[in-house]
Amino acid sequence: MAHEISRRDLMKLLAAGASGFALGPVTFLSGNSVEAQDAALPGTFPREQTLIARILTGRVGTPDNFNEWVGWKNRDRGMQNLANEPLWSVDFATGEIVNGLASGDPTYSEDFMTVTIPLREGVAWSDGEPFTAADVVYTIETLIAFDGLNGHEFLLENVESATAVDDYTVEVQLKVANSRFHTTFLDRWGCTWIMPKHIFEQQEDPVLFTHNPFVGCGPYKLHSFDPQGAWTAWEKREDWDKSPTGILYGEPQPQFIIYQYFADEGSQILAQLTHQLDVAELSANGLTALLAQSQSSRAYQPTFPFVVNNDPAITGICFNTARAPFDNVDVRWALTLAIDIVEYTSIAVDSSGTLSPVHIPHLGPYPDLYIGPMQDWLKEFTIDVGDGETFAPYDPEAPRRVADLARSRGYVFPEDDEFLAKTFGLGWYKFAPEIAEKLLVKNGFSRDDNGMWLMPDGSPWKIEFNSGTVLANHDARNAAAAVQQWKKFGIDATHFLTESDADLVAVGDFDVSGDWPGWEPWGAGPDLYRTLNQWNTAYVRPIGERNQGHQSRWTSPEMDDIIERLRETDPFDTEAVVAIGIEGLKEAVKNMPGIPTYGYVGFVGWDETYWTNWPGSENAYTQPYTHWPNFKYATPFLQPTGGA
Amino acid sequence: MTFVKRYLIPRLIQYFLVIWLGITVVFLIPRLTPSDPVMKMVDQMRARGSTLEPGAMDDIIEDLTQMYGLEGSWLEQYGDFWARLVQGDFGVSFFQFPARVNDLIAVALPWTLGLLLMSTAISWTVGNIVGGLAGYYTRRRWSRVLDSVAMVVRPLPYYVFAFILLLLFAYVVRWFPITGGASLGAIPTFTWDYIKDVLWHSALPALSLVILGGAINFQVMKLLVQNVNAESYVQYAKLGGVTENRIVGKYIIRNAMLPQITGLALSFGQIFSGAIITEIVFGYPGLGMLLFRAITNGDYNLIMGITILSIIGITTAILILDLTYPLFDPRVRYT
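Residues numbered from 1 in each chain as written. Chains lettered and ligands numbered in written order. Predicted model: local features only at pLDDT ≥ 70, side-chain atom pairs only at ≥ 80, totals over all residues.

Draft legend 1. Looking closely at the overall build of chain A. Looking only at helices and strands, one finds 20 helices and 27 strands in chain A. A compact globule built from 644 residues would reach a C-alpha radius of gyration of about 26 Å, and chain A, at 27 Å, matches this within 12%. Projected onto its principal axes, the C-alpha coordinates of chain A cover approximately 85 × 80 × 60 Å. Residue burial in chain A is summarised as follows: out of 644 residues, 54% are buried. Taking contacts inside chain A between residues at least 6 apart in sequence as the whole, the part at least 24 apart equals 71%. (Helix = DSSP H or I, 4+ residues; strand = E, 2+ residues; numbered from the N terminus. Rg over C-alpha atoms; globule rule 2.2 N^0.38 Å. Buried ≥ 20, exposed ≤ 12 C-beta atoms within 10 Å, placed from the backbone. Contact = placed C-beta atoms within 7 Å.)

See below:
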């Protein structure tokens, strides 16, 4: 029967079909109307009143769903950073913990079975309803009741009951003693947020509820969003003075803030060069290109090293201490001393990282509370090289040598001690390949005829350094530098880039990785429990199973004891917390389960065409990232230029 | 009836068998990779700051396994998967829980279809017509110029070529936007303003695909036409005084087009995989990035949803091509 259709007919049919396909998407879009959106067309947002930043975590997959208590909802598109308010949040630039919905620190009973939370008065949700203790109690009870909500398991395991003592005081009875219970509400790029009771209690199933429009206690409310998830626009609340941001810091300046998705760095740079993006987050090369081309852009620091160097994470090298020979502390120290940190940081970050000899970064309160006071101990600390010989590995001059190299390469920056300490750190470890050699020989290692290292059983020593596949990320940067250094030392080291890095590391299928050598601390306040607790024996699982503690799988009875004592210490007793924290850091240095190298380095480009007074290094009134929860606290300080 | 029994029914059986096999492979592959969606979510919770006691973590793993429908043996999961699939339900996305995969695809698919259908159709049509003419009039100056341009453009890596276009037209002369499928603040409505805005944003991504795709079609068609032009029946027609237009249109291009039609069918089938590099360079919404993120996050259901569409798209395109081929090539008969 086919011959009854002529070719001409077929061509007509094909043309009709193609037209239908082409028009189909437009027809579909026309039916894809969005709730809670005003009629808006390009140009709705007056540019001089609008701040445009990037969504760090990519295009939003579920743009009409703002229920951040369920799964992952790209909360950095303005939910956590503009419209929401936690009880407390971390500000790593000032080292302070900011009281948001809480009016002060929580207080624990002596047995840590009860915690009392004081709440801020005069706060209202963005729909005008007052915020009270009932919201906090409702949140805790609802999260316990529904297993599909984030935080369910933690609260179920920890909370016996939650009671509103009065409108602005909540008392939580715990099932087990927990001196850090409150940290589940401490926002450090995520925490347990408080639900608006009057909204959620009307829902049959809070897990399926989309929470659209978003109702929060932050200074901004939802304006509109792209159904394809490319942007979300927020507008300043008329009653901004009823948000903790307004109460603490005054009126936010931008009328609108838009978080926009940029798929790659190139488009971010072009957008900022054309003043369509106020805040760009780039790679080192991207920032260099932007600053070279733009007359109106600035970096976090006005001089070298330009970068954001106060992110609360210490990068470096993570050993798999459950796998030989990395289960041997002498081997770990040998690999540390085989590194020339000057060359290393030059390769990894063009000498722009701040060194830290301990497993926390050099920022916020840590230099004053920990790294500074530990200097004497670090200088006196020795390792046993064998044959009765000891070696003091610490080198307080290392940062100056890094600075000298940077200066010799033409970078210009201040020479005062304060700047040098803040930028390059207080010290690191000596480059001592001869000591590294002794440590290895002591443990049965040897060199072959070509000078390459052999394992104690005579086989060639090969080290595979795992990292993710993004070369700009710090795991890959550390990997590239470490592999180069260890190769020079005579080890057959290779860099293994894989998309499955996290999975391989989680089950212990690796030698060395670029995971942080110490778990990220809070970044504010004196407490190091968050870092040290990851080395708890209770969290270690056998190779092949998913580990629940630090990726190194290292632990020790001494560290367990330190963690236990920290648990029994009031987190607000600074003196006691710091004393135990220093013990914990010393234990980590002695055992070196991972090598801390330099603090996380970020690359931010701010356009000053429409907004100035960014929180740069010379005026770090708050943390600098627009994706962090407390970006909202920067909004009252930004100054509009009018676009002139 | 002979056609139905001897060709159509076996061909349809083959069609469904290929789809079943493809879908089964798609079911298995994510489960054979080291990427575990439950642990991905747990890792993300830890990275976001949740301090989890071991007991709490075990409970979370159990809850997520249950919510994601990953309980039971692979065989049981396979049974559940087909039970859902025959109802057209791809299940929930793990990474974007509790969003349904169908909904996520429904949001991205129209953009991919709109861009790739149009650009494929245009690049195929223009590339073949111009390539056909250039193959026949191979000594003309314009033919040699176009050939040189195609030789320069075609080997360019797409990413580089697309970025050059972006740089030239979005930054230097600023005729087109830098990123996105529509302007900031534009809300989808069936209005001329919105359609214009979408077309304006689609222009550069479409241009990049049309130019590179057109160059490929141009070169292939030019070679095909040159070969056909050398055939004895074409020479005979010329000697017989047949008009040049008739020789080009009826004798040469129509014959040279046959392999290109097969290529077009395959290109349409592959549309459902999206165009990931185009989406990255131009920030264009579509299935490509959705699939990429699903793979990196171990989002089994979303991977399966998109890949199944692609499998069905390609196999259906080939089936339609097979069944309609006699209309293009009179030498083929299913009798």
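That covers the picture; the talk isn't over yet.
Draft legend 2. Up close: the sheet that holds strand β6 (residues 159–166) of chain A. Residue and element names in this part refer to chain A. Taken together, the four strands give an open sheet; going across it, the order is β4-β5-β7-β6, and neighbouring strands pair in antiparallel fashion. Edge positions in the open sheet fall to β4 (107–108) and β6, since each of these has one partner strand only. Relative to strand β5 (residues 114–118), β4 is paired through two bridges, and the arrangement is antiparallel. Bridge pairing links Y108 to V115 in β5. Each of β5, β6 and β7 (169–174) touches helix α3 (residues 133–145); the most contacted strand, β6, lies at about 165° to it. (Pairing = 2+ DSSP bridges. Axes fitted to C-alpha atoms, helices over the stretch in contact; angles between N-to-C directions.)

Draft legend 3. The arrangement of the pairing of strand β21 (residues 462–467) of chain A in detail. Residues and elements named next belong to chain A. Here six bridges tie β21 to strand β22 (residues 492–497), and the two strands are oriented parallel to one another. Looking at the pairing, E464 lines up with T494 of β22. Handedness of the β21-helix α16 (residues 474–488)-β22 crossover: right-handed. Bridge count for β21 against strand β23 (residues 512–513) is two bridges, and the pairing is parallel. Looking at the pairing, F465 lines up with V512 of β23. (Right-handed = clockwise from strand over helix to strand, strands pointing away.)

Draft legend 4. Focus on the sheet that holds strand β1 (residues 50–54) of chain A. Residues and elements named next belong to chain A. As summarised here, the arrangement of the four strands in space is β1-β11-β10-β9, forming an open sheet in which the pairing is mixed. Sheet topology places β1 and β9 (220–225) at the edges, where each strand pairs with a single neighbour. Adjacent strand axes in the sheet meet at a mean angle of 25°, parallel and antiparallel pairs treated alike. In the sheet, strand β10 (residues 231–236) pairs with strand β11 (residues 256–260) via five bridges, with the strands oriented antiparallel. Within the sheet, the bridge partner assigned to T232 lies in β11 and is Y259.

Draft legend 5. Up close: unusual backbone geometry. All names here are of chain A. The linkage connecting F304 with the following residue, P305, adopts the cis geometry, with an omega of 10°. Summarising the element assignment, P305 is placed in the loop between β13 (297–298) and β14 (314–319). The amide bond that connects A324 to the next residue, P325, takes the cis arrangement and shows omega of 0°. Tracing the backbone shows P325 in the loop between β14 and α9 (329–337). Positive phi is not limited to glycine here, since F112 has a value of about 55°.

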